[in-house]
Amino acid sequence: MDKQAILENIHSTWREEAEAILRLPEVTNENALIETVEKIANCTGKIVVSGCGTSGVAAKKLVHSFNCIERPAVFLTPSDAVHGTLGVLQQDDILILISKGGNTGELLNLIPACKTKGSTLIGVTENPESVIAKEADIFFPVSVAKEPDPFNMLATASTMTVIASFDAIIVCLMTYMNYTKEQFSVIHPGGAVGNKLLNK
């Protein structure tokens, strides 16, 4: 590839990912959006998020952002969960399972305990016929026309849309809960953000 071809390839990926995010209002269920915001805002427990592979990476980003607005959240490693760490999930908690295809075996193993404990299950997947979608109390559809890579297999645009969806929810929650800059400064005293908040 020459330099121009490299740039064109990179720009193409950016365009496809941007277009995938812009399509979100068309593919996301509005009732699910509203219900997710309300459920998380009124959650008296914590938010437990799980996913495998790249979905797991997205899940960890969600956990960080939820904690940044004081919606206590933890990442549950699927492989460890079925060996005892499912004990972190309690009745008043919300369990968010992220799976592109919606049938990830490691995540399906978490559903029976969620149902038994009476926790709320939010399923984030592109497949409405999947087990996660059908078992979820709230099915949160997120889909893309295609991934930018040549094989349409590398989780790139799909991961971006999951993160963008929950970024929007988290920003909305800040207004919904009247979350203040003063609250944010208490839990974020470090780095450039902390310096700005604390007027250092």
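Quick note: structure is the one above.
Note that the structure is a prediction, hence the values are computed from the model and not measured.

### Quick notes on the overall build of the protein
- Helix and strand counts for the protein stand at 11 helices and 5 strands.
- When each of the 200 residues of the protein is scored for burial, the buried share is 40%.
- Counted over contacts in the protein with a minimum sequence separation of 6, partners at least 24 positions apart contribute 67%.
- Distance between charge centroids for the protein: 6 Å, based on 16 positive and 22 negative side chains.

### Thoughts on the pattern of salt bridges
- Tallying each qualifying case throughout the model produces 5 salt bridges.
- A salt bridge links D167 to K61, with the shortest nitrogen-to-oxygen separation between them at 2.5 Å. Highlighted residues: D167 in helix 9 (residues 157-176) and K61 in helix 4 (residues 53-68), separated in sequence by 106 residues.
- Judged by its relative accessible area of 29%, D167 is partly exposed.
- As a salt-bridge pair, E129 and K134 come within 3.4 Å of each other at their nearest N and O atoms. Across this residue pair, the class does not change: E129 and K134 are exposed.

### Concerning a nonpolar patch on the surface
- Among the surface-exposed residues, M1, I6, I10 and W14 lie close enough to one another that they form a single nonpolar patch of about 480 Å² accessible area.
- For I10, the location among the structural elements is in helix 1 (residues 3-22).
- In this structure I10 comes out as partly exposed when scored by relative accessible area, which is 35%.

### Section: the packing of aromatic side chains
- With the rule as written, the count across this model stands at 2 aromatic pairs.
- Ring geometry for F66 versus F166: centroids 6.4 Å apart, planes at 80°, classification edge-to-face. Placement of the pair is F66 in helix 4 and F166 in helix 9, with a sequence separation of 100 residues.
- F66 sits in the buried class, given a relative accessible area of 0%.
- The structure contains a cluster of three or more aromatic residues connected by ring pairs, namely F66, F140 and F166.

### Side note on unusual backbone geometry
- You will see that N152, though not glycine, has its phi angle at about 55°, which is positive.
- Checked against the element boundaries, N152 lands in the loop between strand 5 (138-141) and helix 9.
- Accessibility expressed as a relative area gives 37% for N152, which makes it partly exposed.

### As for the sheet that holds strand 5
- Strand order in the open sheet formed by 5 strands is 2-1-3-4-5, and the pairing between neighbours is parallel. Both edges of this open sheet fall to strand 2 (73-75) and strand 5, since each of them pairs with a single strand only. For this sheet the average axis-to-axis angle between neighbouring strands, irrespective of direction, equals 20°.
- Bridge count between strand 1 (residues 47-51) and strand 2: 3 bridges; the pairing is parallel. Residue pairing across strands places V48 opposite V74, the latter belonging to strand 2.

Rules behind the numbers
Residues numbered from 1 in each chain as written. Predicted model: local features only at pLDDT ≥ 70, side-chain atom pairs only at ≥ 80, totals over all residues. Heavy atoms only, no water. Helix = DSSP H or I, 4+ residues; strand = E, 2+ residues; numbered from the N terminus. Buried < 20%, exposed > 50% of the residue type's maximum accessible area, 1.4 Å probe, protein only. Contact = heavy atoms within 4.5 Å. Lys, Arg positive; Asp, Glu negative; His and termini not counted. Charge placed at Lys NZ, Arg CZ, Asp CG, Glu CD. Salt bridge = Lys/Arg side-chain N within 4 Å of Asp/Glu carboxyl O. Patch = residues over 30% accessible without salt bridge, like charges linked within 9 Å, V, L, I, M, F, W, Y side chains within 5 Å. Areas by Shrake-Rupley, 256 points an atom, 1.4 Å probe, with all protein chains shown as cover. Phe/Tyr/Trp six-rings, centres within 6.5 Å; stacked < 30°, edge-to-face > 60°. Pairing = 2+ DSSP bridges. Axes fitted to C-alpha atoms, helices over the stretch in contact; angles between N-to-C directions.

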